[in-house]
Each structure stands twice: as structure tokens, then as C-alpha cells.
Amino acid sequence: MSLLPEGPLEPTGRTASAGPQEAPRRYFVRTFGCQMNVHDSERLAGLLESEGMVAADSPEGADVVIFNTCCIRENADNRLYGNLGQMRALKQERPGLQIAVGGCLAQKDRDKVLERAPWVDAVFGTHNVGHAVALLERARSEGPVVEILEAAATDAAEFPSALPVRRELPFSAWVTIQVGCDNRCAFCIVPSVRGKEISRPFAEVVAEVSELASRGTAEVTLLGQNVNSYGRDLALKARGTTDWRAHTYETGAEWAGAASPRPRPLFADLLRAVSRIEGIDRVRFTSPHPKDLRPETIEAMATEKSVCPHLHLPLQSGSDRVLAEMRRGYTSGRYLERLRAARTAVADLAVTTDIIVGFPGETDDDFERTLEVTAEAEYDSAYTFIFSPRPGTEAAGWQGRFVAPEVAAERFERLRQVVERSALRRHQARIGRVEEVLVEGPAKKGGPGTISGRTRQNKLVHLEGEGLKAGAVVEALIEQAAPHFLKGKLVRVLAPPRHRNLIPVMAS
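Residues numbered from 1 in each chain as written. Predicted model: local features only at pLDDT ≥ 70, side-chain atom pairs only at ≥ 80, totals over all residues. Heavy atoms only, no water.

Visitor: Honestly, the overall build of the chain in this entry has me stumped. Any pointers?
Guide: Secondary structure assignment for the chain yields 16 helices and 19 strands. Computed over the C-alpha atoms, the radius of gyration of the chain is 23 Å, within 12% of the 23 Å expected from 2.2 N^0.38 for a compact globule of 508 residues. Projected onto the principal axes, the alpha-carbon positions of the chain cover approximately 60 × 60 × 60 Å. Expressed as a percentage of the 508 residues in the chain, the buried residues total 55%. For the chain, restricting intrachain contacts to residue pairs at least 6 apart in sequence, the fraction spanning at least 24 positions comes to 73%. (Helix = DSSP H or I, 4+ residues; strand = E, 2+ residues; numbered from the N terminus. Rg over C-alpha atoms; globule rule 2.2 N^0.38 Å. Buried < 20%, exposed > 50% of the residue type's maximum accessible area, 1.4 Å probe, protein only. Contact = heavy atoms within 4.5 Å.)

Visitor: Explanation requested: the sheet that holds strand β17 (residues 460-464) in the structure shown.
Guide: Two strands in a sheet stick together by hydrogen bonds in their backbones, pointing the same way (parallel) or opposite ways (antiparallel). Ordered in space as β15-β16-β17-β19-β18, the five strands form a closed barrel in which the pairing is mixed. Sheet twist, expressed as the average angle between the axes of neighbouring strands with direction ignored, equals 50°. Looking at chain direction, strand β15 (residues 434-442) and strand β18 (residues 473-481) are connected through five bridges and run antiparallel. For Glu 436, the partnering residue across the bridge sits in β18 and is Glu 475. (Pairing = 2+ DSSP bridges. Axes fitted to C-alpha atoms, helices over the stretch in contact; angles between N-to-C directions.)

Visitor: So what exactly am I meant to see when it comes to helix α8 (residues 232-239) here?
Guide: Regarding α8, the residues found buried are Leu 234, Ala 235 and Ala 238. Take α8 and look down its axis: the buried residues cluster within an arc of 95°, on one side only. Away from the buried face of α8 by more than 90 degrees, exposed residues Leu 236 and Lys 237 are located. Close packing links the buried residues of α8 with β9 (198-199), α7 (202-214), α9 (248-251) and α10 (253-256). (Arc of directions from axis to C-beta.)

Visitor: Explain the pairing of strand β11 (residues 282-286) here, please?
Guide: Moving residue by residue along a regular strand, the side chains alternate between the two faces of the sheet. With respect to burial, β11 is a largely interior element, five of its five residues being buried. Burial along β11 is two-sided: the face carrying Arg 282, Arg 284 and Thr 286 and the face carrying Val 283 and Phe 285 are both buried. Pairing geometry for strand β10 (residues 219-223) and β11, over five bridges, is parallel. Note that in β11 the partner of Val 220 across the bridge is Val 283.

Visitor: Sorry if this is basic, but what is going on with the sheet that holds strand β7 (residues 172-176) here?
Guide: Spatial ordering of the open sheet is given by β7-β10-β11, a layout of three strands whose pairing is parallel. Of all strands in the sheet, those bounded by a partner on one side alone are β7 and β11. The mean angle between the axes of side-by-side strands here comes to 25°, regardless of whether they run parallel or antiparallel. Here helix α11 (residues 267-275) sits on the sheet in contact with β10 and β11, set at roughly 155° to β11.

Visitor: I'm lost on the packing of aromatic side chains in this one. Help?
Guide: Pairs of aromatic rings are described using the distance from one ring centre to the other and the angle between the two planes. Taken as a whole and assessed by the stated rule, the structure comprises seven aromatic pairs. Ring geometry for Phe 359 versus Trp 398: centroids 5.8 Å apart, planes at 90°, classification edge-to-face. You can see Phe 359 sitting in the loop between β13 (350-357) and α15 (364-377) and its partner Trp 398 sitting in the loop between β14 (381-386) and α16 (405-428), a full 39 residues away along the chain. Relative accessible area serves as the criterion here: at 1%, Phe 359 is assigned to the buried category. For Trp 398, a relative accessible area of 17% puts it in the buried group. On the numbers, 5.7 Å between centres and 65° between planes, the contact of Phe 387 with Phe 402 is edge-to-face. Taken as a pair, Phe 387 in the loop between β14 and α16 and Phe 402 in the loop between β14 and α16 lie far apart in primary sequence, 15 residues in all. A relative accessible area of 12% places Phe 387 in the buried class. By way of ring pairs, the aromatic residues Phe 187, Phe 359, Phe 387, Trp 398 and Phe 402 are connected into one cluster. Note that Arg 116 overlies the ring of Tyr 81, its terminal NZ or CZ placed 3.8 Å from the centroid. (Phe/Tyr/Trp six-rings, centres within 6.5 Å; stacked < 30°, edge-to-face > 60°. Lys NZ or Arg CZ within 6 Å of the ring centre and 35° of its normal.)

Visitor: What exactly am I supposed to notice about the pattern of salt bridges here?
Guide: For side chains bearing opposite charge, pairing can occur when the charged atoms are close. Following the criterion strictly, the structure yields 41 salt bridges and no others. Among the salt bridges present, the one from Arg 294 reaches Glu 296, with a minimum N-O distance of 2.5 Å. One salt bridge connects Arg 426 with Asp 380, and the closest N-O pair in it is separated by 3.0 Å. Here Arg 426, found in helix α16, pairs with Asp 380, found in the loop between α15 and β14; they are 46 residues apart in sequence, far enough to count as distant. (Salt bridge = Lys/Arg side-chain N within 4 Å of Asp/Glu carboxyl O.)

Visitor: Before we go on, may I ask you to explain α16 in this structure?
Guide: Structural remark: α-helix, 3.6 residues per turn; residues separated by three or four positions point the same way. Taking 1.5 Å of rise per residue, 24 residues should cover 34 Å, and α16 covers 34 Å from first to last C-alpha, within 8% of that figure. All buried positions along α16 are accounted for by Ala 408, Arg 411, Leu 415, Val 418, Val 419, Ser 422, Ala 423 and His 427. Its buried side turned inward, α16 meets β13, α15, β14, β18 and β19 (486-495). (Expected span 1.5 Å × (residues − 1).)

Visitor: Would you explain the nonpolar core in this entry?
Guide: It is characteristic of soluble globular proteins that their nonpolar side chains tend to be buried jointly. Ranked by size, the top nonpolar core spans 64 residues in total, and within it Leu 222, Tyr 230, Leu 271, Phe 285 and Phe 359 carry the most contacts. Ignoring sequence-local partners within four residues, the contact set of Phe 285 consists of Thr 221, Leu 222, Val 227, Phe 267, Leu 271, Met 301, Val 307 and Leu 311. Of all hydrophobic cores here, the second largest spans 29 residues; its members include Ala 56, Ala 117, Val 146 and Val 193. (Core = buried A, V, L, I, M, F, W, Y, C linked by side-chain atoms within 4.5 Å.)

Visitor: Can you help me understand the environment of Ile 198 in this one?
Guide: Mapped onto the elements, Ile 198 comes out in strand β9. In this structure, the C-alpha to C-alpha distance between Ile 198 and Asp 292, residues 94 residues apart in sequence, is 16 Å.

Geometric values such as these leave the question of function open.
Okay, structure coming up:
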């Protein structure tokens, strides 16, 4: 393994743009994977813009191209190396073009990236997003460089909160509250590429959300690999000191002020604190783990008006035998019990999920149980996947038990039909209702003047709204329903956008 350079690099703070007579360098960031990767890409874009670069519309128009990668499923690997293959010709045409690969797949593959694509200039992992610009600068003079860290230098360095950011949606923001994962699900590579579970200090999260609110951000999404366990490590550490009351910054006033606080998760406390910040109208979170969904979190969702009535609760399988082999830590019965508790407490709750088909050793009976639980849960939507073995995970070594591709494909189609039936039923029940919609911008599909937005339940709504700007809040009468979206008619504008676009700046 090559770890170049030996020590961590700090962002240069220098502008990468040329003299006043020359156009600034242009960058393009392509993101694969989850919301954590999307947020990391926002940080990367902010870093590049703080260096004087401007965004390009495509790799062909860029001087710097960064692929921020995912490695949850095999097709993510194929997509990356397919993209890198296309970049080879572009690099030959323009030798000055710089290409970087970062993120989870880079963390996993390390030197393999340069072995398979030697025209790449820089490779960095999940623990050193802030080093990307410095690595690219070094590569300009020294040739290809690789920096893969096993962990950040400090826990604080895991959270790139001090980095500049270019928000994908200026009225909506991702806020990282936790990195890494201490669960060991048999199919999941995340603990290997993201490291141990580390929670961000309570007051630091609240301060970032307060700053976002002051800029006009209306919606925040709290991000973590298992947000339901947020703060357990902070509370445990504080409880082990002589005076836990001195740790309000790390754990929040509610926990630190208790007479004898337990080392419990702090996620419900954080939900309440963030939802009460003036100007924050919508609070979302992803992703929670069913085994850690606690009554106080459900209560916070039910009582705090800013917390959106949407719960993403990954099922993965409806078979208790498969769930045990997955190392998920719950049964289907326990899962449904917690789902019922959430729906009972939270009015008009929308529920989405993740389900894996064809896990090694999955029998027909196991899959039938998954269909039964899926039908009983009546999801609003589901992300369904055929099992993909990831090297480094326990399940990847069970080749002798892999489900035949044609069997997995047939099961996948049957599951899709069950999911879409319940999704359509739940969407049809919304016809005739007036929904509050946060406008995101022009619809990807539809004629001129069609815009898209999301309800508080995270439902995608298309409607005619000529002149409506992203960030506006409107009311829409729902007139049509499909499994994956709703169509409506504009009733009235409740509030115009209030966000301000800021230019990323980094002090030298």
C-alpha cells in the first residue's frame, strides 16, 4: 500500500486561477452513492471554489474532474471504472487535465485505482476530503499521488465542518452528525471504509444549523450511518469523567443537567434542539437503524412540529433467520412493533425502507416472509437491491450459498410489484388533499413551466408553477398519483425563498 505523502496535507489556501487575463480553472465533481457522499461532494466543490475555480457543466469542459465514489454494491465499481475509461481519451487530448478519485471505493481499492487507471492524478479516501486540493497541487509537480488514511488525525477532523461548502440546494442543507458505524452487518462494507462510529459534539451541530438558519436555509437533513445511536459514545465518555456536567458542549444541556445521566444515545435531544432553531422549518434525518429506534425519538418526531413526518427504516429482510445471519439485531416482529409505534404516534407518517433480495442462503420460504412483512408494512416507497458481495464483508465469503442470478431477479420483480402496489395505494389516498410543498426547481420531466418539490412526507410533487423559484413554499392540490410521485395544481404561495447564496472563502 502506498501512502503518499507520509504526513497529512493541509489545504493550500492559494488561488488556483491564473492571472487577470486568463480564465479561471474549471472543475467537475461526479458523485456516486449515498447522501454522505453527496455532502462530501459539496465540501469538495467548496474547496475548489475557494481556490478560485468555477464549476463546469461536464467533464469535457473541466480542468479538474473528481469522482467521489461509493462501494456499497458492485455496480458502483463498474460505473467508476467505466467513467475512468472514458476519461482516458480526454486526458490524452488534454494532458493538463487532472483527475482525482475519492470516497469509499478509493478507501477500499487504494493502489488498485492507479493500477487500473494510471492516468488518474490523485487518490484520497474517506478520512481526508480536506486534502483533495493539496493532493492535486502536489500531483501537478510530482506525478500521481495516493493518500489513504486509516482514520483522521483527530475525531474532530472526521467532520469537515470547517471546510467551505457549495450547497447543491441553497435552501436545504445536509448536516453531518456522525461518521462511521459500529454495527457489523454481514453484507455491509461501510465500517471498513468509514471507520468506527464517532459522534460530532452536540453544540457544534446546533451551531452549524443556527448558522444555516441565519443564511435563510429552511430545511436540514441530519446525516449519519446510524443516526439513532448518535451521541452514545459522547455520553459514555462524559459519564466516565469526574464531572459530567462540564460536558454540555459535547452532550447537550439536557443530558449533562440530569442528576445521574445514563450513557444513552442523544439523538432525540438533538432532534428537539435543532427543530427549535428559529427559521428551520423542516428537519429530516437519515439513516436510522431499527434496533436503535427508541421511544424518545418517536416522541420527538410526534411533538416537534419542524421534524418531518417521514421515517426511513431499513428492513433488509422479513425472514428472522436471514436477519440473524445478516447480524441485524432485530426480528421482523420487533421491526413491525416499532413501526406500529411510530405510525401510532406520528400523524400522517410516511415510511420508506431498504430491502435486499437474494442474500446468501435465502430460501423460497425466507423470501415469502419478506413479501409478507413488506405487504404488512405498506411502505410509501422502498429501495430494493439484489445482493452484491463486497470483498471484505462476511457474506462475500459465502459463495457456496449464493442465490442463482435468475432466481434473485425473479424475486426482485415480485418484490417490486408488492412495493409499488402499496406505494400507489398510499399516494392515491392523497388525491384531493392540499399539501405543503417546498419547491426544488424545474421538473426533470414535464413541459416548460413544470416545477418539482417535496411535501413534508418527502413526496415528490410535480405542478405547473411558472415563475416559482427554488426555495419557495407553496400549497398544492393533489390531483393525480403514481407509485413514485404526485401531480398537483398550485393553490397559493405561502412563502418566497429566503436563502442567500454565499461564495465559499478560505483564509490563506
